[in-house]
Amino acid sequence: MDRSSLLQLIQEQLDPENTGFIGVETFASLVHSHELPLDPAKLDMLVALAQGNDEGQMSSKRSSSFKRAIANGQRALPRDVLLDETGLGFYKRFVRYVAYEILPCEMDRRWYFYQHRACPPPVFMAAVTLTQIIVFLCYGARLNKWVLQTYHPEYMKSPLVYHPGHRARAWRFLTYMFMHVGLEQLGFNALLQLMIGVPLEMVHGILRISFLYLAGVLAGSLTVSITDMRAPLVGGSGGVYALCSAHLANVVMNWAGMRCPYKLLRMVLALVCMSSEVGRAVWLRFSPPLPAAGPQPSFMAHLAGAIVGISMGLTILRSYEESLREQCGWWVLLLSYGTFLLFAVFWNIFAYDLLGAQIPPPP
């Protein structure tokens with residue numbers, strides 16, 4: 001029996017009621033009885049990828065991983081722990097580092113390490129960070145100001161900044177992520193995007209991580225438009241906090257399985273740095289502005305991004321190689337996020353006039 005026939009037999013004959021599950025022992029005995037040339041370590045990986053439950057059943061939730069593992073059945077995989085691998089080049093050592101930083105299960109780490117391909121590279125986070133740096137350098141040279149640029153009267157005239165007086169220009173709800181208060185905010189965001197965002201994109205792919213980042217950015221601007229109606233907004237903190245909060249929550253919930261070194265110390269340092277950045281943003285928001293500058297940018301995007309990360313982001317990171325479409329909780333979160341977006345749109349259309357909000361004049 002060839003591999004395609006085996007896969008068809010598993011899908012059609014062993015689950016006649018279409019429950020999505022078969023017995024783990026049944027699957028293993030089937031493979032052995034037909035003498036399929038499958039490496040023993042690959043058989044272990046197949047069973048683990050299929051995620052057996054407490055009743056001794058397994059399903060192909062990770063259908064892409066499951067099918068690729070069968071298709072590559074003759075390729076031997078070492079049984080040793082990845083940390084024991086020797087003779088690796090620089091890039092493969094980096095891939096191993098990423099596996100231990102992001103994934104909580106040794107079987108997942110092994111699967112990611114042996115299946116990882118360098119193409120396509122993690123271009124989204126790199127492109128966003130590079131664009132933010134270029135925009136900052138352009139405005140820094142133009143304004144001749146590198147710290148607290150928002151105090152410059154010409155800064156808010158940028159077509160990228162979110163300003164309550166320009167709510168009708170919908171692109172500003174996203175493009176504000178390319179502008180930053182100053183070198184300190186840009187440095188903090190760029191560092192986290194490269195240190196956390198790039199590894200997450202390498203493991204979970206560009207679609208999931210870009211969606212999470214942009215969802216945090218959009219939630220940040222819409223939250224500011226609801227809760228801090230007079231304030232403008234700049235910086236990519238909504239997306240950054242979505243990524244960081246999702247990663248930290250995933251580490252906490254899988255604490256025993258995470259093998260990254262000094263994880264407690266690094267967790268404390270990350271929380272201190274993130275809290276300090278929020279504190280800086282709060283101070284900036286309520287510090288006395290210059291007469292020509294108007295209200296300073298809001299800090300609510302940080303909190304909105306963190307909420308998106310803990311909810312939607314955590315679901316994404318806990319679903320490595322699994323289909324989100326088959327998870328009821330994912331649809332509940334999408335519906336909740338869509339409801340928030342719809343409410344925010346109506347709020348921006350009607351609430352400012354109904355409440356008589358005194359917004360600063362648009363620059």
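Residues numbered from 1 in each chain as written. Predicted model: local features only at pLDDT ≥ 70, side-chain atom pairs only at ≥ 80, totals over all residues. Heavy atoms only, no water.

### Points about the confidence of the model for the protein
Summing up the model confidence of the protein, the mean pLDDT is 82 and the portion of residues at 70 or higher is 75%. This model gives residues 51-56 a pLDDT under 50, and the stretch forms 14 contacts once residues within four places in sequence are excluded. In this model residues 70-76 is a low-confidence stretch, pLDDT under 50, and it forms 19 contacts with partners more than four residues away in sequence or in other chains. (pLDDT = per-residue confidence, 0-100. Contact = heavy atoms within 4.5 Å.)

### What to know about helix α14 (residues 328-355)
Its 28 residues place the ends of α14 38 Å apart at the C-alpha level, agreeing with the 40 Å of an ideal helix rising 1.5 Å per residue. The sharpest bend along α14 measures roughly 45 degrees and falls at Asn 348. Here α14 has its buried residues at Trp 330, Tyr 337, Ala 344, Asn 348, Ala 351 and Tyr 352. In this structure, the buried side of α14 is in contact with α8 (172-175), α10 (206-227) and α13 (300-317). (Helix = DSSP H or I, 4+ residues; strand = E, 2+ residues; numbered from the N terminus. Expected span 1.5 Å × (residues − 1). Bend = angle between axes of the 7 residues up to and from the residue. Buried < 20%, exposed > 50% of the residue type's maximum accessible area, 1.4 Å probe, protein only.)

### Digging into helix α11 (residues 237-253)
Here α11 spans 24 Å end to end across 17 residues, near enough to the 24 Å set by a 1.5 Å rise per residue. Taken across its 17 residues, α11 has 15 buried, putting it largely inside the fold.

### Concerning the nonpolar core
Formed by 75 residues in total, the largest nonpolar core has its most connected members in Tyr 112, Tyr 213 and Val 308. Those residues within four positions of Tyr 112 in sequence are excluded, and the remaining contacts are Val 95, Val 98, Ala 99, Leu 103, Met 202, Val 203 and Tyr 320. (Core = buried A, V, L, I, M, F, W, Y, C linked by side-chain atoms within 4.5 Å.)

### Things to note about the side chain of Arg 167
Among the secondary structure elements, Arg 167 is positioned in the loop between α7 (123-143) and α8. Comment: no salt bridge for buried Arg 167; closest opposite-charge side chain is Asp 353, at 5.6 Å. A polar contact of 2.7 Å, which involves the side chain of Arg 167, links it to the backbone oxygen of Pro 164. In this structure the side chain of Arg 167 is engaged in a polar contact, spanning 3.3 Å, whose partner is the backbone oxygen of Asn 348. Those residues in contact with Arg 167 that sit more than four places away from it in its chain are Tyr 162, Phe 173, Asn 348, Tyr 352 and Ile 359. (Lys, Arg positive; Asp, Glu negative; His and termini not counted. Salt bridge = Lys/Arg side-chain N within 4 Å of Asp/Glu carboxyl O. Polar contact = N/O pair within 3.5 Å; in protein donor to acceptor, adjacent residues only side chain to side chain.)

### A closer look at the side chain of His 166
Within the secondary structure, His 166 sits in the loop between α7 and α8. Accessibility expressed as a relative area gives 10% for His 166, which makes it buried.

### Things to note about the packing of α11 against α13
Running from N to C, α11 and α13 cross one another at 45 degrees; their axes reach a closest spacing of 6 Å. Comparing the axis directions of α11 and α13 gives the class oblique. Seen along the crossing, α11 lies across α13 with a hand that is right-handed. Mapping the contact onto sequence places Ser 237, Gly 238, Tyr 241, Ala 242, Ser 245, Ala 246, His 247, Ala 249, Asn 250 and Met 253 in α11 and Ala 301, His 302, Gly 305, Ala 306, Val 308, Gly 309, Ile 310, Gly 313, Leu 314 and Leu 317 in α13. Per-class residue counts for the contact of α11 with α13 are eleven nonpolar, nine polar and no charged. (Axes fitted to C-alpha atoms, helices over the stretch in contact; angles between N-to-C directions. Parallel < 35°, antiparallel > 145°, perpendicular 65-115°, else oblique. Left-handed = near helix turned anticlockwise from the far one by under 90°. Nonpolar A, V, L, I, M, F, W, Y, C, P; charged D, E, K, R; others polar.)

### Some thoughts on the pattern of salt bridges
Scanning the model with the defined rule gives six salt bridges in all. Between Arg 109 and Glu 106 there is a salt bridge, with the nearest N and O atoms lying 3.0 Å from each other. Pair noted here: Arg 109 and Glu 106 are both in helix α6 (residues 106-115), with a separation of three residues, about one helical turn. By sharing partners, the salt bridges in this structure join Glu 184, Glu 277 and Arg 280 into a single network.

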